[in-house]
Amino acid sequence: MKYRLTPALFNNIAITCSSYRWKLLAWSGFSFALFFMLSKQIEQSTPIVLVWFAIFILFAALQTLVVASFIFFFVTLQSNKQENKPWRKFYSTIEWCEAIIFTVILPLPMLLFVYALIII
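Residues numbered from 1 in each chain as written. Predicted model: local features only at pLDDT ≥ 70, side-chain atom pairs only at ≥ 80, totals over all residues. Heavy atoms only, no water.

**Student:** Please clarify how the side chain of T64 should be interpreted in this entry.
**Tutor:** By the element assignment, T64 lies in helix 3 (residues 48-74). If we ignore the near neighbours within four places in the chain, the residues touching T64 are L24, W27 and S28. (Helix = DSSP H or I, 4+ residues; strand = E, 2+ residues; numbered from the N terminus. Contact = heavy atoms within 4.5 Å.)

**Student:** Whenever I open this one, the confidence of the model for the chain confuses me. Can you help?
**Tutor:** Interpretation of this model should avoid reading the predicted coordinates in detail wherever pLDDT is low. When pLDDT is averaged along the chain, the result is 89, and 98% of the positions lie at 70 or above. Confidence scores differ between elements of the chain, with helix 4 (residues 78-81) showing the lowest mean pLDDT of 84 and helix 5 (residues 85-105) the highest of 91. (pLDDT = per-residue confidence, 0-100.)

**Student:** What is the right way to read the nonpolar core from this model?
**Tutor:** Within soluble globular proteins, side chains that are nonpolar tend to cluster in buried spots. Judged by nonpolar contacts, F10, A14, F70, I71, F74, L77, A99 and F102 together constitute the single largest core of eight residues. Secondary structure elements with two or more residues in this core: helix 1 (7-17), helix 3 and helix 5. In terms of residue count, helix 3 provides more of this core than any other element does, three residues in total. F74 has contacts with P7, F10, N11, A14, E95, E98, A99 and F102, leaving out every residue within four places of it along the chain. (Core = buried A, V, L, I, M, F, W, Y, C linked by side-chain atoms within 4.5 Å. Buried < 20%, exposed > 50% of the residue type's maximum accessible area, 1.4 Å probe, protein only.)

**Student:** Explanation requested: helix 5 in the structure shown.
**Tutor:** Counting along an α-helix, one turn takes 3.6 residues, and residues three or four places apart therefore face a common direction. Spanning 21 residues, helix 5 covers 30 Å between terminal C-alpha atoms, matching the ideal 30 Å at 1.5 Å per step. Taken together, the buried positions of helix 5 are occupied by E95, E98, A99 and F102. Considered in projection along helix 5, the buried side chains sweep an arc of 105° and stay on one side of the axis. Away from the buried face of helix 5 by more than 90 degrees, exposed residues P86, K89, I100 and V104 are located. (Expected span 1.5 Å × (residues − 1). Arc of directions from axis to C-beta.)

**Student:** It is not clear to me how the packing of helix 1 against helix 3 should be interpreted in this structure. Could you clarify?
**Tutor:** What describes two packed helices is the angle between their axes and the distance between those same axes. Axis separation between helix 1 and helix 3 bottoms out at 8 Å; the angle between their running directions is 110°. Relative to helix 3, helix 1 is oriented roughly perpendicular. Our pair here, helix 1 against helix 3, has a crossing hand that is left-handed. Along its contact with helix 1, which presents P7, F10, N11, I13, A14 and C17, the element helix 3 presents F70, I71 and F74. Residues that form the contact of helix 1 with helix 3 fall into these classes: eight nonpolar, one polar and no charged. (Axes fitted to C-alpha atoms, helices over the stretch in contact; angles between N-to-C directions. Parallel < 35°, antiparallel > 145°, perpendicular 65-115°, else oblique. Left-handed = near helix turned anticlockwise from the far one by under 90°. Nonpolar A, V, L, I, M, F, W, Y, C, P; charged D, E, K, R; others polar.)

**Student:** Explain the packing of aromatic side chains here, please?
**Tutor:** Note on aromatic pairs: each is described by the distance of the centres and the angle between the planes. In this structure the tally under the stated criterion is 14 aromatic pairs. An angle of 55° between the planes, with centres 5.7 Å apart, marks the rings of F59 and F113 as tilted. With F59 in helix 3 and F113 in helix 6 (residues 108-119), this pair connects stretches of sequence that are 54 residues apart. Note on F59: relative accessible area 15%, which makes it buried. Judged by centre distance (5.7 Å) and plane angle (75°), the rings of F70 and F102 are edge-to-face. In this pair, F70 is assigned in helix 3 and F102 in helix 5, connecting sequence segments 32 residues apart. Comparing F70 with F102 shows no difference in burial state: the two are buried. Put simply, the rings of F10, F70, F73, F74 and F102 pair up and form one aromatic cluster. (Phe/Tyr/Trp six-rings, centres within 6.5 Å; stacked < 30°, edge-to-face > 60°.)

In structure tokens form, the structure reads like this:
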């Protein structure tokens, strides 16, 4: 059976985007700080647009953090560095688990934001 989402594919994507990893991490931290500052300002008489803007900033920060962590995890595959077969198999299993986890986690912040838009 041929899989489309493999650790090798994620590795290629991460290598392509590796120059952005620190910028994404910095933007995520900045966005979280901005969200917390905005949430301190929000009170009962705040316009709904500002509340939605704060929620958007929170989910954008989460998405940026997930993408940055994706790049950090997949920029190098440890199974490619191992010459010992049992260790290569062990690292390959871990990489497959990471690939499954990131397949679920990558779209999650965006989907949760859309869900929040529909529900609220």
